[in-house]
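# Coordinates in review
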Amino acid sequence: MSKSPPAPPSLAELRKEIDAIDEQVHRLLMARGDIIDRLIKVKQTQEVGSAFRPAREASMMRRLVERHRGILPLDTIESIWRVIISTFTYVQAPFSVHADVSVGESMMRDSARFHFGFVVPYVSHFSAQAAVEAVAKSKGDLALVSAISSRTPWWIDLEAEGAPKIIARLPFLERADHPAALPVFVISRVADNAMVTEVEMWSVRVSGWNAEIARALAPLAEIVAVPDTAFDGAALLVSVAGRGFEEIKMALIRAGASVRSSALVGSHATRYTVPPAPTIRS
């Protein structure tokens with residue numbers, strides 16, 4: 001006589017399991033807070049500078065992506081992790097987020113809240129330059145500006161030694177329907193040894209800029225361009241990944257542009273592209 005299969009667990013039993021996991025998560029977060037408290041004391045004697053660690057954050061995010069499985073969306077994990085890390089960073093050294101809302105206030109606010117939560121103060125500005133200037137005057141604040149368009153060459157203010165630099169590009173996870181899809185650069189002051197340099201950001205000023213040169217450069221690098229002082233001049237913000245800047249410079253020259261100046265203005269991690277979900281055929 002065959003045995004009947006075991007009865008499935010009741011709703012009460014499953015909810016009890018969930019409650020136990022929730023308690024574990026909360027206790028682990030409190031334990032993390034205790035470690036951060038000890039970390040603050042160690043940093044006071046062993047480390048000087050910003051609490052931001054872009055290279056460490058990128059490494060931690062990649063580990064999350066690699067081990068993630070199950071029905072919970074990956075961008076939910078991204079947001080939870082970002083809020084945890086940003087809040088604990090704020091506890092170590094309070095900072096504000098200065099956002100350029102000229103690209104769209106609701107989109108920029110969504111990006112700031114998705115990546116930094118509600119504990120970190122949010123300050124809106126009506127231009128990228130104003131947001132960058134606010135960070136330059138602060139001790140440890142950061143700015144969010146559009147990574148794909150601009151009305152002014154705000155990145156020129158990052159060229160000087162000691163000026164804030166681009167330290168990240170968000171969102172880290174790229175997908176078409178990301179809930180905070182606005183591409184933004186994060187700008188702050190960070191110790192050189194804390195930077196992640198997989199993608200270098202260069203401020204380049206050229207003469208002879210035109211649509212043909214822009215098309216020639218498009219396969220080599222992402223570029224944000226705005227008119228510069230000369231009638232045919234342009235100020236470029238160039239993302240250089242997987243190749244040296246000299247290659248980009250020579251490509252500009254071969255295409256007919258004259259490079260007037262160039263300066264490294266930051267760097268960030270290579271983004272992770274989430275593959276599209278497979279389509280189900282009926």
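See above for the structure.
Quick caveat: nothing in here was measured; it's all calculated off a predicted structure.

### Quick look at the overall build of the protein chain
When helices and strands are tallied, the protein chain shows seven helices and 11 strands. Its C-alpha atoms put the protein chain at 90 × 60 × 35 Å along the principal axes. Classification of the 282 residues of the protein chain by burial places 42% in the buried group. Long-range contacts, defined as pairs at least 24 residues apart, comprise 76% of the intrachain contacts of the protein chain with a sequence gap of at least 6. About 16300 Å² of surface is accessible on the protein chain, with carbon and sulfur atoms providing 57% of the total.

### Observations regarding the pairing of strand S6 (residues 184–188)
With five of five residues buried, S6 is to be regarded as a mostly interior element. Residues Val184, Val186 and Ser188 line one face of S6 and the alternating positions Phe185 and Ile187 line the opposite face, and both faces are buried. Direction of pairing for strand S3 (residues 142–146) relative to S6: antiparallel, over a ladder of four bridges. Along S6, the bridge assignment pairs Val145 with Phe185. Two strands pair when backbone bridges link them, and strand S4 (residues 165–170) and S6 are joined in this way by five bridges, in the antiparallel orientation. Paired with Lys165 across the strands is Ser188, a residue of S6.

### With respect to the pattern of salt bridges
Inspection of the entire model under this criterion finds 10 salt bridges. Here Glu174 ties to Arg271 by a salt bridge, and the two come within 2.6 Å at their closest N and O atoms. Separated by 97 residues along the polypeptide, Glu174 in strand S5 (residues 173–174) and Arg271 in the loop between strand S10 (258–268) and strand S11 (272–273) bring together distant segments of the chain. Exposure remark for Glu174: the relative accessible area of 23% places this residue in the partly exposed category. A salt bridge links Arg243 to Glu247; the nearest nitrogen and oxygen atoms lie 2.7 Å apart. Taking the relative accessible area as the measure of exposure, Arg243 reaches 28% and is therefore partly exposed. One salt-bridge network, in which partners are shared between bridges, spans Arg169, Glu174, Glu222 and Arg271.

### Some remarks on the packing of helix H3 (residues 74–92) against helix H4 (residues 105–116)
Two numbers describe how H3 lies on H4: the axes approach to 6 Å, and their chain directions differ by 75 degrees. For the element pair H3 / H4, the angle class is roughly perpendicular. Counted together, Asp75, Glu78, Ser79, Arg82, Val83 and Ser86 of H3 and Arg113, Phe114, His115 and Phe116 of H4 form the full contact between these two elements. Each residue belonging to the contact of H3 with H4 can be placed in one class, and the counts come to three nonpolar, three polar and four charged.

### What to know about the side chain of Asp141
Mapping Asp141 onto the fold places it in the loop between helix H5 (128–136) and S3. Despite its burial, Asp141 pairs with no opposite charge, the nearest such side chain being Arg189 at 9.0 Å. A polar atom in the side chain of Asp141 sits 3.0 Å from the backbone nitrogen of Ser96. Within the local environment of Asp141, its side chain forms a polar contact with the side chain of His98, the two groups lying 2.8 Å apart. Apart from the residues lying within four places of it in its own chain, the contact partners of Asp141 are Phe95, Ser96, His98, Val135, Ile187 and Ser188.

### Side note on the packing of aromatic side chains
A complete count under the given rule lists five aromatic pairs for this structure. The interplanar angle of 70 degrees and the centroid separation of 6.0 Å between the aromatic rings of Tyr90 and Phe95 together place this pair among those described as edge-to-face. Under the relative-accessibility criterion, Tyr90 is labelled partly exposed at 22%. Taking the centre distance of 4.1 Å and the plane angle of 10 degrees together, the rings of Trp202 and Phe245 count as stacked. You can see Trp202 sitting in strand S7 (residues 199–207) and its partner Phe245 sitting in helix H7 (residues 245–254), a full 43 residues away along the chain. By relative accessible area, which is 16% here, Trp202 ends up buried. Taken together, the ring pairs connect Phe52, Tyr90 and Phe95 into an aromatic cluster.

Calculation notes
- Residues numbered from 1 in each chain as written.
- Predicted model: local features only at pLDDT ≥ 70, side-chain atom pairs only at ≥ 80, totals over all residues.
- Heavy atoms only, no water.
- Helix = DSSP H or I, 4+ residues; strand = E, 2+ residues; numbered from the N terminus.
- Buried < 20%, exposed > 50% of the residue type's maximum accessible area, 1.4 Å probe, protein only.
- Contact = heavy atoms within 4.5 Å.
- Areas by Shrake-Rupley, 256 points an atom, 1.4 Å probe, with all protein chains shown as cover.
- Pairing = 2+ DSSP bridges.
- Salt bridge = Lys/Arg side-chain N within 4 Å of Asp/Glu carboxyl O.
- Axes fitted to C-alpha atoms, helices over the stretch in contact; angles between N-to-C directions.
- Parallel < 35°, antiparallel > 145°, perpendicular 65-115°, else oblique.
- Nonpolar A, V, L, I, M, F, W, Y, C, P; charged D, E, K, R; others polar.
- Lys, Arg positive; Asp, Glu negative; His and termini not counted.
- Polar contact = N/O pair within 3.5 Å; in protein donor to acceptor, adjacent residues only side chain to side chain.
- Phe/Tyr/Trp six-rings, centres within 6.5 Å; stacked < 30°, edge-to-face > 60°.

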